[in-house]
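Reading the structure
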Amino acid sequence: MDKIFEQLDGVLARYEEIEEMMADPEVIADTKRFMEISKEEGSMRDVVAAYKKYKKVLKDIDENDEIMRDSDDPELADMAKEELAADREQKAKLEDQIKVMMLPKDPNDDKNIIMEIRGAAGGDEASLFAGDLLNMYTRYAENQGWNTEVIDSTPTEVGGYKEVVIMITGNNVYSKLKYENGAHRVQRVPVTESAGRVHTSTATVAVMPEYEEVDFKLDPKDIRTDVYRSSGAGGQHINKTSSAVRMTHIPTGIVVAMQDQRSQQQNRVKAMQILTSRVYDYYESQNEEEYAAKRRTAIGSGDRSERIRTYNYPQNRVTDHRIGLTLNKLDKIMNGDLDEIIAALVVQDQAKKLEQLDV
C-alpha cells in the first residue's frame with residue numbers, strides 16, 4: 001500500500017486546496033471555473049473520506065495496542081483487545097476499498113454514449129432481436145434515470161430493425177454500458193417458425209462515448225455533406241424540402257445519413273455527433289499497440305464480433321460468456337433488469353486491474 005499512500009497524500013492535499021478555492025468569492029463568481037473545480041471535488045470526495053477514515057483507524061490501532069501493552073487494568077486491556085481486533089478488520093476492508101477507488105479511471109466513464117444495434121445473422125429474426133435489445137437498453141436507461149433518444153433507424157417489415165442508433169444521456173452512462181460491445185446471440189423459436197424449432201440468431205451492439213469538440217475535432221475539409229429529401233415508412237410523409245443529411249468522412253469512408261429530425265439543421269447536428277464518435281472510434285482501433293494495451297485489462301477483447309452473451313428463451317436463461325455468469329431470469333433481464341450482470345462485469349474488470357496494480 002506504500003505507493004498508494006503516496007498518491008493518497010497528494011489527493012488529500014489537492015482536495016484541501018480545492019475546498020479553499022470553492023470558498024473563494026472570486027472563484028464562486030466565475031461560474032465556469034467553479035463548475036470545473038466542483039466536478040473535480042466530486043470525483044475525489046469518496047476516496048478522501050475513505051482515506052480519512054483509514055487514517056483514524058490506524059490511529060485507533062496504535063492507541064489500543066499501546067493500552068494492551070502498558071495498562072495495569074485487565075478489564076481495560078480486554079476492551080482494548082476487542083477494539084483492536086475490530087479495527088484491524090476495518091483496516092483490511094478499507095484497504096481493499098481504497099485500492100479499488102485508486103484504480104486508473106477510464107476517462108470516458110462519465111460520458112454519454114451513442115449505441116448502435118444491428119441485426120446480424122438470422123434474417124428477420126435477427127432484426128426482431130435487435131428490436132428486443134433496443135427495448136432492453138431503453139428500459140434499463142429508464143431505471144437508471146437516464147434519457148434515450150433514437151437518432152437513426154432502419155426498420156424492417158416484420159417490426160424489427162436492420163439497424164438502430166440511440167443516444168443515451170445521464171450520469172456515468174459509458175461506465176456501465178461499455179461492457180455491452182460485441183455480438184449478442186439469441187436462441188428461441190421464431191414467430192415465423194411453424195414447426196416449433198429453436199433457431200439461433202445474432203445482433204451486434206457497438207457502444208461509443210459521445211466525443212465533444214474539446215476531445216476530438218473533425219477537419220471540415222475532410223467532410224462531404226449531401227442533402228436530400230427524407231421519406232417516411234412506405235413512402236408516406238414525404239418531406240417536400242431537402243432536410244435529410246448525408247455526411248461522408250473522406251479519409252475513412254465512414255458515412256452517416258440522418259433524416260429523423262425535423263429540420264436540416266437538426267439533422268446536421270445529429271449527423272456530426274455520430275460521425276465524430278464513429279471516426280474517433282475508428283482511429284482508436286487503428287492504433288493497434290495502444291488499443292491492445294487498453295483492451296488487455298478489459299472484460300473480453302471489446303471486439304464487436306466477439307460473442308459476449310447468449311439469451312436462451314426456452315430455458316429463460318442468460319449467459320455472459322466472458323465471466324461465466326448464468327442467470328435464469330431472462331424475462332426480467334429483457335425488461336431492463338441488467339444490474340446484476342453489469343455489477344458482475346464491473347467487479348471482474350476491477351479484479352483484473354487489481355492483479356496488475358503494483359502495490
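A quick note: this is a predicted structure, and the numbers were derived from the prediction, not measured. Chains are numbered independently. Their residues run from 1 in the order of the written sequence. Totals for whole chains, interfaces and linings use all residues, but because this is a predicted model, local features are given only for residues with pLDDT of at least 70 and pairs of side-chain atoms are given and counted only at 80 or more. In computing side-chain properties, one takes all heavy atoms of the structure into account and sets aside hydrogens as well as water.

Another aspect to go through is the overall build of the protein chain. In this text, helices come from DSSP runs of H or I with a minimum length of four residues, and strands from runs of E with a minimum of two, each type numbered from the N-terminal end. Secondary structure assignment for the protein chain yields 10 helices and 11 strands. Long-range contacts, defined as pairs at least 24 residues apart, comprise 61% of the intrachain contacts of the protein chain with a sequence gap of at least 6. Carbon and sulfur atoms make up 47% of the accessible area of the protein chain, which totals about 20,200 Å². Two residues qualify as a contact provided that any one of their heavy atoms is within 4.5 Å of a heavy atom in the partner residue. Accessible areas in this description were obtained via Shrake-Rupley with a 1.4 Å probe; residue shielding takes into account the shown protein chains only.

In this section: the nonpolar core. Among the buried residues, those of types Ala, Val, Leu, Ile, Met, Phe, Trp, Tyr and Cys that are joined through side-chain atoms within 4.5 Å form a nonpolar core. Here's how the labels work: a residue is buried when its accessible area is under 20% of the maximum for its type, exposed when over 50%, partly exposed in between, all with a 1.4 Å probe on protein chains only. Of all hydrophobic cores here, the largest spans 33 residues; its most connected members are M115, I117, L133, Y137, L177 and Y311. Contributing elements (two or more residues each) for this core: β1 (113-119), α5 (124-144), β3 (161-169), α6 (173-177), β5 (199-209), α9 (330-334) and α10 (339-356). Looking at which element gives the most residues to this core, the answer is α5, with eight residues. The contacts of I117, once residues within four sequence positions are left out, are A130, L133, L134, Y137, K162, E163, V164, T204 and V205. Core analysis: the second largest hydrophobic core is formed by 20 residues, L12, V47, A50 and Y51 among them.

Strands qualify as paired when DSSP identifies two bridges or more between them. The sheet built from eight strands is open, its strands ordered β2-β3-β1-β5-β4-β9-β10-β11 with mixed pairing. A strand with exactly one partner marks an edge of an open sheet, and here the two such strands are β2 (147-155) and β11 (325-327). The mean inter-strand angle of the sheet, taken between neighbouring strand axes irrespective of direction, is 15°. Bridge count for β1 against β5 is seven bridges, and the pairing is antiparallel. Considered in β5, the bridge of R118 is made with T204. Lines are fitted to the C-alpha atoms to define the axes, a helix being fitted only along its stretch in contact, and any angle between axes, read from their N-to-C directions, falls within 0 to 180 degrees.

To continue, consider a negative patch on the surface. Nonpolar side chains (Val, Leu, Ile, Met, Phe, Trp, Tyr) are joined into patches within 5 Å and like charges within 9 Å, using only residues with over 30% relative accessible area and no salt bridge. Think of a salt bridge as a Lys or Arg side-chain nitrogen and an Asp or Glu carboxyl oxygen that are within 4 Å of each other. All tallies of charge rest on Lys and Arg as positive and Asp and Glu as negative; His and the ends of each chain are not included. A charged residue contributes its charge at one atom only: NZ of Lys, CZ of Arg, CG of Asp or CD of Glu. A surface patch of like charges, here negative, comprises D62, E63, E66, D70, D72, D73, E75, D78, E82 and E83. Within the residue set of the negative patch, elements represented by two or more residues are α3 (31-70) and α4 (74-101). With respect to the helices and strands, the residue E63 is situated in helix α3.

Here the focus is the packing of α3 against α4. Viewed as axis vectors pointing N to C, α3 and α4 meet at an angle of 155°, and their least axial separation amounts to 8 Å. Judged by the inter-axis angle, α3 sits roughly antiparallel to α4. The handedness of the crossing between α3 and α4 comes out as left-handed. Of the residues contributing to the contact of α3 with α4, the split by class is 16 nonpolar, three polar and 10 charged. For classification, angles of less than 35 degrees are called roughly parallel, those exceeding 145 degrees roughly antiparallel, those between 65 and 115 degrees roughly perpendicular, and all remaining angles oblique. Whether a crossing is left-handed or right-handed is set by the direction in which the near helix is turned from the far one by less than a right angle, anticlockwise for left-handed and clockwise for right-handed. Classification used: nonpolar for Ala, Val, Leu, Ile, Met, Phe, Trp, Tyr, Cys and Pro, charged for Asp, Glu, Lys and Arg, polar for all others including Gly.

On to α4, then. For α4, built from 28 residues, the straight-helix expectation of 40 Å at 1.5 Å per residue is met to within 8% by its first-to-last C-alpha distance of 40 Å. Listed as buried for α4 are A77, A80, L84, D87, L94, E95 and I98. Counting of polar contacts relies on pairs of N or O atoms within 3.5 Å, with two restrictions inside protein: one atom must be capable of donating a hydrogen and the other of accepting it, and residues adjacent in sequence are counted only when both atoms are side-chain atoms. N-capping of α4 is provided by D73, with a side-chain oxygen placed 3.0 Å from the backbone N of E75. Helix span, expected: 1.5 Å multiplied by one less than the number of residues in the helix.

What follows concerns the pairing of β5. By the criterion of burial, β5 is predominantly enclosed, with eight of the 11 residues buried. Alignment of strand β4 (residues 182-188) against β5, held across seven bridges, turns out to be antiparallel. Residue pairing across strands places R185 opposite T202, the latter belonging to β5.

All right, on to the sheet that holds strand β7 (residues 244-249) then. Strand order in the open sheet made by the three strands is β6-β7-β8, with antiparallel pairing throughout. Edge strands, defined here as strands with exactly one partner in the open sheet, are β6 (223-228) and β8 (254-258). Each adjacent strand pair in this sheet contributes to an overall mean axis angle of 15°, direction not counted. When β6 meets β7, the two strands line up antiparallel, connected through six bridges. Bridging from a neighbouring strand, D226 pairs with R246 of β7.

Take the confidence of the model for the protein chain next. As a per-residue quantity, pLDDT reports the predictor's confidence and falls between 0 and 100. In this model, the protein chain carries a mean pLDDT of 83, and residues with pLDDT of at least 70 account for 86%. Low pLDDT, under 50, characterises residues 233-239; the predicted model gives this stretch six contacts beyond four residues in sequence or across chains. Below a pLDDT of 50 lies the segment residues 294-298, which in the model reaches 10 contacts outside its immediate sequence neighbourhood of four places, other chains included.

A few words now on the environment of T202. When you line up the elements, T202 lands in strand β5. Sequence spacing of T202 and G122 is 80 residues, and the spatial spacing of their C-alpha atoms is 6.5 Å. Setting aside chain neighbours within four positions, we find T202 in contact with G119, A120, A121, A126, F129, H184 and R185.

Right, let's get into the pattern of salt bridges. Counted according to the given criterion, the structure contains 23 salt bridges. A salt bridge links R14 to E40, with the nearest nitrogen and oxygen atoms 2.9 Å apart. Linking R14 in helix α1 (residues 2-22) with E40 in helix α3, this pair joins segments that are 26 residues apart in sequence. We classify R14 as partly exposed; its relative accessible area is 25%. Taking the shortest distance from any N to any O, the salt bridge between E89 and K93 comes out at 3.6 Å. Of this pair, E89 and K93 both sit in helix α4, four residues apart, which is roughly one turn of the helix. Salt bridges linked by common partners bring E116, R118, E163 and R278 together as one network.

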